Number of protein chains: 2
Amino acid sequence: MRLRVAVIGAGSWGTTVASVASHNCPTVLWARNPEIADEITGARTNTRYLGTSRVGRELRATAAMSEAVAAADVVVMGVPSHGFRATLELVRDHIRAWVPVISLAKGLEQGSLLRMTEVIAEVLPGHPAGVLSGPNLAREIMGGYAAASVVAMEDETIVCELQAVFKSRLFRVYTNQDVIGCEVGGALKNVIAIAVGCCDGFGLGDNARAALVTRGLAEMGRLAERLGGRPLTLAGLAGLGDLVLTCTGELSRNRQVGLALARGEALAEVLTRVGHVAEGVGTARTAAALAARLAVEMPITREVASVLYDGKAPRDAVNDLLARDIRAERSR
Amino acid sequence: MRLRVAVIGAGSWGTTVASVASHNCPTVLWARNPEIADEITGARTNTRYLGTSRVGRELRATAAMSEAVAAADVVVMGVPSHGFRATLELVRDHIRAWVPVISLAKGLEQGSLLRMTEVIAEVLPGHPAGVLSGPNLAREIMGGYAAASVVAMEDETIVCELQAVFKSRLFRVYTNQDVIGCEVGGALKNVIAIAVGCCDGFGLGDNARAALVTRGLAEMGRLAERLGGRPLTLAGLAGLGDLVLTCTGELSRNRQVGLALARGEALAEVLTRVGHVAEGVGTARTAAALAARLAVEMPITREVASVLYDGKAPRDAVNDLLARDIRAERSR
């Protein structure tokens, strides 16, 4: 039996994942905007988010949630963290019992500080929750370039079934059972990318950047472990892989935020221009709050949050990081 | 009591480490070439390796091994892996009992397939052996930029003493007790950088590069673990940190080898032009042999060795990597 897939959200990544899945399974993509749904089904393009790239021939799109979800055996949530819960509540009205829900979002919920699979557990208790996460620029995958990713679920059987939904020769999907580690990786890498942008903007050099990426990964690992995840997951595609992509790509919006801060641009201006689409800006606040609540040492995240929300000068943040005591590499 | 330090080898990195240490401890640098020794002591420059950068005011250099080593409480080996054993045999004639020996080399010994601390144990049994390793471009450190590194030794007390030899406000030296993991990281990152150069040369994209770095780190971790190291060490500065630096810096000679191979340059030509200073070229062969002997799955290393030594076309190597079966992210 081939699983029927519903992808919820027709942004660049949701559309790309739906296109990939449509080569393996009957797939329906839900777009909030009916015009986008019509364009995808009719012209096989989503010009607003993916330019002239063509989606898979078998992919259908709809703006009717019931049409997307009612028959689905798997629901994939391609919605950013700030709209995740509200959209999931729309899904709830139509989803069948026991259907697994996979999150594509890379952030934490503001206020509640919850991971997206925790939001799924609250809104849809009884539905297995997982994530698809990794170093995946949508436009490269639509362009036919090779990429690798991770699908994570606690249940080993379900995760192997879901691997078959997403994988292709060029999109190499590994399985992992550490959902928490994968989610922490996807969310926190955006915060570290802001710090790396700052570092690059100040011209601090390649050594400092490599150190910042590494120490950033170390604090991501500490948070994941404290939440019940495995630190080694952070050394994988959903942690390190995505972090490397986000910290070295010229196009990363989160890194752009850091570069702008280092140039001395006014915070309000940076936030208006790029902040609203850079998930790391919100995640810095939620992650810093989570770290404080759980007493996890996350100095880079804390400094990024201080710069973004407490008016701390980026240069002072860098100096404070350098002034920290140095101990064993893996101490807490 | 301040430890007296001898650094053996006045290349760019040996000279830089000696200069850093000379701010903390009485330090003598041994240069094979007496003219370089005289220049360092007299003019405080090493123009052949470090241009116009000035070394620490207190640093003395000598071409007499006895003068460098006889009084030393710590010996630091700043010699590449291919000359490591022969130089260590010169050190043996002068070193005092029990003095720790720290390796700066990033490679494995050809033929024996030994790590440098294993060579130290063979040549100088009874001397504690360790490494200093991390994402450290010499010219940035000489230029006064911040960097981080790891000093690793099995003995917790000794490693903390040695941390004080090397650290400064801008050179942040963490301690680690996993010598094997740090050595595997330093050696293998050069091999992965060749693969990444190939990938970039073929224009395979940012997703593929991030995946290659991550899967490269995973196979480095497998080798380290099989040798008795801890896989998490590879997620630290001596593994991931150094890997990120080597795989993204334009100046990495190992990455240049990969770029040249992708351009279709004849192997002999690449090896003549950059191969003799790119440690990854030799390490690809020793690491592939070690992986085969120990039955450790290292597909990227094996493909790099096949391209370098068996005449395999780089494009075929890429296709064979993509054709591999995909399983759990951390399977063996």
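Parameters and conventions
Residues numbered from 1 in each chain as written. Chains lettered and ligands numbered in written order. Predicted model: local features only at pLDDT ≥ 70, side-chain atom pairs only at ≥ 80, totals over all residues. Heavy atoms only, no water. Helix = DSSP H or I, 4+ residues; strand = E, 2+ residues; numbered from the N terminus. Buried < 20%, exposed > 50% of the residue type's maximum accessible area, 1.4 Å probe, protein only. Contact = heavy atoms within 4.5 Å. Phe/Tyr/Trp six-rings, centres within 6.5 Å; stacked < 30°, edge-to-face > 60°. Lys NZ or Arg CZ within 6 Å of the ring centre and 35° of its normal. Buried area = accessible area lost by both parts, 1.4 Å probe. Salt bridge = Lys/Arg side-chain N within 4 Å of Asp/Glu carboxyl O. Polar contact = N/O pair within 3.5 Å; in protein donor to acceptor, adjacent residues only side chain to side chain. Nonpolar A, V, L, I, M, F, W, Y, C, P; charged D, E, K, R; others polar. Pairing = 2+ DSSP bridges. Axes fitted to C-alpha atoms, helices over the stretch in contact; angles between N-to-C directions.

(A) Focus on the environment of Phe166 of chain A. Residue and element names in this part refer to chain A. For Phe166, the position within the fold is in helix α8 (residues 156-166). By relative accessible area, which is 1% here, Phe166 ends up buried. For Phe166 and Ser149, which are 17 residues apart along the polypeptide, the C-alpha to C-alpha distance reads 9.5 Å. In this structure, Phe166 is in contact with Val17, Val20, Asn24, Val76, Leu132, Val151, Phe171 and Val173, ignoring residues within four places of it in sequence.

(B) Up close: unusual backbone geometry. Positive phi, close to 60°, is recorded for Leu113 of chain A, a residue that is not glycine. Position of Leu113 of chain A among the secondary structure elements: in the loop between β5 (101-103) and α6 (116-123). We classify Leu113 of chain A as buried; its relative accessible area is 11%. You will see that Ala295 of chain B, though not glycine, has its phi angle at about 55°, which is positive. Along the chain, Ala295 of chain B falls in the loop between α14 (279-294) and α15 (299-309). Given a relative accessible area of 71%, Ala295 of chain B falls into the exposed group.

(C) Spotlight on the packing of aromatic side chains. Inspection of every chain in the model, using the stated rule, returns 2 aromatic pairs over all chains. Centre to centre, the rings of Trp13 of chain A and Phe171 of chain A are 6.5 Å apart; their planes meet at 70°, and the pair counts as edge-to-face. Here Trp13 of chain A, found in helix α1 (residues 12-22), pairs with Phe171 of chain A, found in strand β8 (residues 171-176); they are 158 residues apart in sequence, far enough to count as distant. Looking at Phe171 of chain A, the relative accessible area reads 3%, which means it is buried. Above the face of the Phe202 of chain B ring, Arg315 of chain B is positioned so that its terminal group lies 4.1 Å from the ring centre.

(D) Fine view of the interface of chain A and chain B. Contacts between chain A and chain B engage 55 residues on the former and 55 residues on the latter. Between chain A and chain B, the buried area comes to about 4,700 Å², and carbon and sulfur atoms account for 57% of it. Applying the counting rule to chain A against chain B returns 0 salt bridges. Our count for the chain A to chain B interface comes out at 18 residue pairs in polar contact (both at pLDDT 80 or more). For the side of chain A that touches chain B, the element with the most residues is helix α10 (residues 206-226) of chain A, which contributes 10 residues. Each residue belonging to the side of chain A that touches chain B can be placed in one class, and the counts come to 30 nonpolar, 13 polar and 12 charged.

(E) Spatial organisation of the sheet that holds strand β8 (residues 171-176) of chain B. All names here are of chain B. The strand order across the open sheet built from 8 strands is β3-β2-β1-β4-β5-β6-β7-β8, with neighbouring strands paired in mixed fashion. This sheet does not close on itself; its edge strands, each paired only once, are β3 (60-62) and β8. Adjacent strand axes in the sheet meet at a mean angle of 25° when their direction is disregarded. Taken together, the 4 bridges between strand β1 (residues 5-8) and strand β4 (residues 74-77) define a ladder with parallel strand orientation. In the sheet register, Ile8 faces β4, and the bridge partner there is Met77.

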